Amino acid sequence: MEQDGAGTASIAHRVFTFEDREKQESLSVTIPEVLDPQYGMYVWPCAVVLAQYLWTKREELKDKTVLELGAGVSLPGVLAVKCGARVILSDNAQTPQCLQNCRRSCEANGLCDVEVLGLTWGEVSPDLVLLPKMDIILGSDVFYEPQDFEDVLVTVAFLLRRNPSAQFWTTYQERSADWSIEALLHRWNLNCVDVPLETFDADKPELARSKLPGNHSVLMMIITLKTDDV
C-alpha cells in the first residue's frame, strides 16, 4: 500500500489474471485501487465480467479502436490495450480524480501511450465529436444511477450513429427489478442482445484469480443501432 502524490489517499494494487487453460495462455492486469473513502475507486464485479468477455475476444480486439466510457480504474480498457487494441479511456470531465485513476492504471501496467479524455455522459463536447472512428465502445456498470441511464444512452447513440458498425459492450448489476432501459433503447433506436455469462466462462464464483464473483447478479449486453437506423 502506498500514498498518492498528494499524500491524501492510500493505494493498493490488485492483480487480475485471465486464463485460457485449453490454449495455455494467460494475461495479468495490475489495478491500483484508491482507498480514500471520499472517492474510493475499486474494481467491481461488472468490470471483471466485462474484462473476461474481452479476454475471450482477444483475437478480435487486435488493431481495433476501443473507447471505454466511465472507465474509473479501467480494468476492461487496460486489458484491451494488452490484447492489441488502440484504446481511449474516458470518464466524467468534471471529476479529475477519476481521470487520474485511469492514468494510474495505465502507469501500473507500463502503458504510456493511452489517451485519457474527459467525456461527460449526455454532453456533445468537442472531444466527443473529434473522436476517431470506433469499433467497440465499453461500459462497465455505467447503468448504476437511474437518473444517468438516458445520458449514457444519448452518448452511446451519438457514437453509434457516427460509427454504424460499432458495438457497445456493457455489463451491469441488477439492483432493482423496477429499473429498466428498454424504453430508452426504443427511444434512441438501439438494439440490445443479452450475452449469457456461461458462454464466456464468467459464471464462476471467482474470476481472474480474484475474490469477485462473476455471477453476482451481473448481466452482459451488446447494444447496436437498429438495422433500419443505419
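See the structure above.
Keep in mind that what you see is a predicted model, and the values were worked out from it rather than measured.

A. Structural view of the pattern of salt bridges. One pass over the structure, following the stated rule, counts eight salt bridges. In this structure, the salt-bridge partner of Lys 133 is Asp 135, at a minimum N-O distance of 3.9 Å. Under the relative-accessibility criterion, Lys 133 is labelled exposed at 57%. For Arg 187, the salt bridge goes to Glu 150, with nearest N and O atoms at 2.7 Å. Residue Arg 187 is located in helix α7 (residues 182–187), and its partner Glu 150 is located in helix α6 (residues 149–162); the two are separated by 37 residues in the primary sequence. You can call Arg 187 exposed: its relative accessible area is 51%. Each of the salt bridges in this network shares a partner with another, and the network as a whole consists of Asp 20, Glu 25 and Arg 58.

B. Structural detail: the sheet that holds strand β6 (residues 115–118). Read from one edge of the open sheet, seven strands run β6-β5-β4-β7-β8-β10-β9, paired in mixed fashion. Of all strands in the sheet, those bounded by a partner on one side alone are β6 and β9 (190–195). For this sheet the average axis-to-axis angle between neighbouring strands, irrespective of direction, equals 25 degrees. Where strand β8 (residues 167–173) and strand β10 (residues 218–225) come together, six bridges link them in antiparallel fashion. By the bridge assignment, Thr 171 is partnered in β10 with Met 220. Along the sheet, helix α4 (residues 96–108) contacts β5 (86–91) and β6; its crossing angle with β6, the most-contacted strand, is approximately 170 degrees.

C. Broad picture of the environment of Leu 190. Among the structural elements, Leu 190 can be located in strand β9. C-alpha separation for the pair Leu 190 and Thr 227, spaced 37 residues apart in sequence, amounts to 8.9 Å.

Rules and cut-offs
Residues numbered from 1 in each chain as written. Predicted model: local features only at pLDDT ≥ 70, side-chain atom pairs only at ≥ 80, totals over all residues. Heavy atoms only, no water. Salt bridge = Lys/Arg side-chain N within 4 Å of Asp/Glu carboxyl O. Buried < 20%, exposed > 50% of the residue type's maximum accessible area, 1.4 Å probe, protein only. Helix = DSSP H or I, 4+ residues; strand = E, 2+ residues; numbered from the N terminus. Pairing = 2+ DSSP bridges. Axes fitted to C-alpha atoms, helices over the stretch in contact; angles between N-to-C directions. Contact = heavy atoms within 4.5 Å.

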